[in-house]
Amino acid sequence: MRTVNVIRAQLRASLSLAVQYRLDFVVEGLLAILWMAVTLVPLLVVFQARQQIVGWTFPEMLLVLGWFVGLKGLLEGAVSPSLMNVIEHVRKGTLDFVLLKPVDAQLLVSLAKIEPWRSIDLFGAAAIFLYAFRQLGRWPSSTDLLLAAAMLGTAVVVMYSIAILVVSIAFFAVRVDNLLYLFQSIFDVARWPSSIFRGTLAIVFTYVLPLALMTTYPALALLGKLTLPTTVGALVGTALFAAFARAIWRVSIARYTSASS
Amino acid sequence: MRHALKAFPQLLRTGFAEAVAYRAEFLIWMFSTNMPLVMLALWAAVARSGPVGSYTQKGFAAYYLAALLVRLLTGSWVVWEMTMEIRQGTLALRLLRPIHPLLAYSAENLAAVPMRGIVAIPLIVIFLWNVRDQLGGDPILWTILAPALLGSWLLTFLVMSIIGTLGLWFESASSLFEAWLGISAILSGYLIPLDLFPAAVREVALVLPFRFLLSFPVELVLGRVDRWHALALLVAQWGYVAAALLATRLVWRSGLRRYAAYGG
């Protein structure tokens with residue numbers, strides 16, 4: 001109950017911080033739409049040349065892209081801005097003020113800064129889904145939807161855990177403060193279904209840096225093609241990974257020695 | 001002007017030392033430039049079942065590796081630096097120095113090119129070696145490549161300077177640059193080779209300045225243009241460079257009158 005209250009208070013604070021800049025809503029909103037269009041263009045060109053790519057038709061691939069657009073909005077609109085703050089805190093030594101509060105520090109820093117205009121990405125993703133399913137000519141069953149929601153949950157948790165791991169590096173090496181940007185740019189790979197990759201890359205993007213889990217599995221779930229073993233594996237793997245990230249975070253803040261004078 | 005030319009080599013040395021000092025960040029920024037590889041993954045999968053247009057699987061590999069190389073060598077960051085310095089008021093420090101701030105910026109950005117080259121060239125040479133049969137064989141085209149790359153670098157830098165200077169008028173100049181980036185990702189051939197677009201889009205893309213930022217040098221590397229056409233394109237590119245230079249001067253002069261050095 002207390003945790004819920006903290007989350008609510010923290011969200012309200014970061015939202016009111018963001019709405020001070022009203023013009024940003026318009027400008028950043030328009031930019032989000034432009035980038036969505038930029039993301040779509042390559043697919044349109046590719047599907048002029050082919051009917052399907054590695055077994056994916058155009059509307060099916062749109063589903064992957066929809067998850068990508070939505071998750072990217074979440075990553076760049078909520079996860080990254082907040083965790084960038086942590087790196088800033090470590091460098092300036094102001095993380096003291098966060099650690100002193102009688103609330104879990106990870107919870108506190110994770111919701112510190114939000115860019116609400118990136119919610120346009122979520123609407124964009126919804127529009128892409130609607131269009132894709134109209135093209136497919138059928139709608140997902142309620143089981144599929146439930147499964148997709150579960151997969152979305154694992155996607156968000158894994159994405160967040162990777163970001164926490166990347167930020168934990170800042171406690172050991174402050175100099176590499178742009179590692180989070182590197183993760184953001186690698187995340188761009190998740191716009192394609194994972195079956196595009198072969199050999200080593202396929203293994204890397206499924207198990208090491210589980211981008212497949214983030215966009216391909218939820219899309220498969222919507223299509224009713226996700227098998228039970230894969231689902232169970234994804235859920236268990238996600239739980240283990242989140243616990244691992246949490247453990248690393250705790251080790252990292254234990255090493256924190258307030259850099260300021 | 002003579003004064004500035006004398007100072008320029010030292011500015012380059014300073015810029016190079018800075019790039020070396022921040023090598024870890026520098027490396028990570030370079031690795032963040034991976035969009036051509038992301039696009040290559042898609043097209044390589046598509047071309048497994050046969051060539052698309054005039055591109056085989058190897059053709060795509062050569063195209064996107066060349067695009068990555070051109071992007072790494074001609075990149076700048078001046079627009080971010082300018083908008084930040086304008087907002088924080090530290091541009092005043094640059095204005096006090098006896099050298100034009102844009103000249104100083106250009107030295108800093110140019111000085112990073114050797115560092116980029118050192119990091120990128122070994123990697124990309126290996127890749128290009130594997131797809132060397134896709135590269136152009138005409139020595140004239142390779143000769144034109146040098147001024148074309150310089151032209152691309154200048155054009156990128158000048159556009160950034162123009163938009164950065166607009167920061168003197170309004171705060172969201174860096175958002176304007178974001179928009180430019182998005183449009184140029186499509187129209188410069190960064191995401192998709194221009195000749196794969198439908199004819200109507202291609203016609204427009206070929207005359208706009210975006211092509212000369214990236215696609216033109218890449219076409220030279222792949223030998224996809226003939227000699228006379230390449231020369232004509234080089235002239236066109238430098239025409240755009242001259243126009244951008246003029247625009248930069250105009251914008252800078254009238255912008256400076258508005259400058260109030262707020263903040264610091």
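What you see is a predicted model; the values in this text were computed from it and never measured.

## Digging into the overall build of chain B
Item 1. Scanning chain B from N- to C-terminus turns up twelve helices and zero strands.
Item 2. Order of helices (α) and strands (β) in chain B, N terminus to C terminus: α-α-α-α-α-α-α-α-α-α-α-α.
Item 3. In terms of overall size, chain B behaves like a compact globule, its C-alpha atoms giving a radius of gyration of 19 Å where 264 residues would be expected to give roughly 18 Å.
Item 4. Principal-axis analysis of the C-alpha atoms places the extent of chain B at approximately 60 × 40 × 35 Å.
Item 5. A buried classification covers 51% of the 264 residues belonging to chain B.
Item 6. Of the contacts formed within chain B by residues at least 6 apart in sequence, a portion of 80% connects residues at least 24 apart.
Item 7. A total accessible area of about 12400 Å² is found for chain B, and carbon and sulfur atoms account for 69% of it.
Item 8. The distance from the centre of the 20 positive side-chain charges to the centre of the 13 negative ones in chain B is 6 Å.

## Brief notes about the overall build of chain A
Item 1. Helix and strand content of chain A: eleven helices and two strands.
Item 2. Overall, chain A shows an N-to-C arrangement of helices and strands of α-α-β-β-α-α-α-α-α-α-α-α-α.
Item 3. If one aligns the C-alpha atoms of chain A with their principal axes, the spans along those axes are about 65 × 45 × 40 Å.
Item 4. Looking at chain A as a whole, 48% of its 261 residues are labelled buried.
Item 5. Counting 20 positive and 12 negative side-chain charges, chain A places the centres of these two groups 4 Å from one another.

## Topic: the packing of aromatic side chains
Item 1. Under the criterion given, the structure shown has 18 aromatic pairs over all chains.
Item 2. Centroid distance Phe68(A) to Phe187(A): 5.5 Å. Interplanar angle 20 degrees. Geometry classified as stacked. On the criterion of sequence distance, the pair formed by Phe68(A) in helix α3 (residues 58–92) and Phe187(A) in helix α8 (residues 179–187) is long-range, its members being 119 residues apart. Side by side, Phe68(A) and Phe187(A) carry an identical accessibility label, which is buried.
Item 3. Relative to Trp139(A), the ring of Phe133(A) lies with its centre 6.0 Å away and its plane at 25 degrees, an arrangement referred to as stacked.
Item 4. Grouped by ring-pair contacts, the aromatic residues Trp43(B), Tyr55(B), Phe60(B), Tyr63(B) and Tyr64(B) constitute a single cluster.
Item 5. The side chain of Arg191(A) reaches across the aromatic face of Trp192(A), ending 5.9 Å from its centre.
Item 6. Positioned above the aromatic ring of Tyr55(B), the side-chain terminus of Arg224(B) is 3.9 Å from the ring centre.

## Re a nonpolar patch on the surface
Item 1. Taken together, the side chains of Leu23(A), Val26(A), Leu30(A) and Ile33(A) make up a nonpolar region of the molecular surface, amounting to roughly 410 Å² of accessible area.
Item 2. Structurally, Leu30(A) can be placed in helix α2 (residues 22–49).

## Here's the deal with the interface of chain A and chain B
Where interface size is quoted, it is often the accessible area lost as the parts come together.
Item 1. In this complex, chain A contributes 32 residues to the contact, which on the side of chain B involves 36 residues.
Item 2. Taking both partners together, chain A and chain B bury about 2800 Å²; carbon and sulfur atoms supply 70% of that area.
Item 3. Linking chain A with chain B are zero salt bridges, by the criterion used here.
Item 4. Here chain A and chain B share nine residue pairs in polar contact (both at pLDDT 80 or more) between them.
Item 5. When contributions to the side of chain A that touches chain B are tallied by element, the ones reaching two or more residues are α2 and α8 of chain A.
Item 6. For the side of chain A that touches chain B, the per-class residue count stands at 22 nonpolar, three polar and seven charged.

## Some remarks on the pattern of salt bridges
Residue and element names in this part refer to chain A.
Item 1. According to the stated counting rule, one finds 15 salt bridges over all chains in the structure shown.
Item 2. Here lysine 92 makes a salt bridge to glutamate 88, at a shortest N to O gap of 3.6 Å. Of this pair, lysine 92 and glutamate 88 both sit in helix α3, separated by four residues, roughly a single helical turn.
Item 3. For lysine 92, a relative accessible area of 48% puts it in the partly exposed group.

## Structural notes on unusual backbone geometry
Item 1. Backbone geometry places Val54(A), a non-glycine residue, at a positive phi of 35 degrees.
Item 2. Here Val54(A) lies in the loop between β1 (52–53) and β2 (56–57).

## A few points about the environment of Thr156(B)
Residues and elements named next belong to chain B.
Item 1. Among the secondary structure elements, threonine 156 is positioned in helix α8 (residues 139–166).
Item 2. Each C-alpha atom, one on threonine 156 and one on histidine 100, is 19 Å from the other, the two residues being 56 residues apart in sequence.
Item 3. Within the local environment of threonine 156, its side chain forms a polar contact with the backbone oxygen of serine 152, the two atoms lying 2.6 Å apart.

## Things to note about the packing of α3(A) against helix α6 (residues 119–136) of chain A
Residues and elements named next belong to chain A.
Item 1. Close contact between α3 and α6 brings their axes to 8 Å; oriented N to C, the two are set at 170 degrees. Relative to α6, the element α3 is oriented roughly antiparallel. Contacts between α3 and α6 involve Phe58, Pro59, Glu60, Leu62, Leu63, Gly66, Trp67, Val69, Gly70 and Gly73 on the former and, on the latter, Asp121, Leu122, Ala125, Ile128, Phe129, Tyr131, Ala132, Phe133, Gln135 and Leu136.
Item 2. In terms of residue class, the contact of α3 with α6 is built from 14 nonpolar, four polar and two charged.

## Examining the packing of helix α1 (residues 2–21) of chain B against helix α7 (residues 101–130) of chain B
All names here are of chain B.
Item 1. Where α1 meets α7, the axes come as close as 7 Å, and the angle between the chain directions of the two elements is 50 degrees. One finds that α1 runs oblique with respect to α7. Every pair of crossing elements has a handedness; the one defined by α1 and α7 is right-handed. Of α7, the residues touching α1 (which contributes Ala4, Phe8, Leu11, Leu12, Gly15, Phe16, Ala19 and Val20) are Leu103, Ala104, Ser106, Ala107, Leu110, Ala111, Ala112, Pro114 and Met115.

Reading the values: the criteria
- Residues numbered from 1 in each chain as written.
- Chains lettered and ligands numbered in written order.
- Predicted model: local features only at pLDDT ≥ 70, side-chain atom pairs only at ≥ 80, totals over all residues.
- Heavy atoms only, no water.
- Helix = DSSP H or I, 4+ residues; strand = E, 2+ residues; numbered from the N terminus.
- Rg over C-alpha atoms; globule rule 2.2 N^0.38 Å.
- Buried < 20%, exposed > 50% of the residue type's maximum accessible area, 1.4 Å probe, protein only.
- Contact = heavy atoms within 4.5 Å.
- Areas by Shrake-Rupley, 256 points an atom, 1.4 Å probe, with all protein chains shown as cover.
- Lys, Arg positive; Asp, Glu negative; His and termini not counted.
- Charge placed at Lys NZ, Arg CZ, Asp CG, Glu CD.
- Phe/Tyr/Trp six-rings, centres within 6.5 Å; stacked < 30°, edge-to-face > 60°.
- Lys NZ or Arg CZ within 6 Å of the ring centre and 35° of its normal.
- Patch = residues over 30% accessible without salt bridge, like charges linked within 9 Å, V, L, I, M, F, W, Y side chains within 5 Å.
- Salt bridge = Lys/Arg side-chain N within 4 Å of Asp/Glu carboxyl O.
- Buried area = accessible area lost by both parts, 1.4 Å probe.
- Polar contact = N/O pair within 3.5 Å; in protein donor to acceptor, adjacent residues only side chain to side chain.
- Nonpolar A, V, L, I, M, F, W, Y, C, P; charged D, E, K, R; others polar.
- Axes fitted to C-alpha atoms, helices over the stretch in contact; angles between N-to-C directions.
- Parallel < 35°, antiparallel > 145°, perpendicular 65-115°, else oblique.
- Left-handed = near helix turned anticlockwise from the far one by under 90°.

Purely geometric numbers; function is a separate question.
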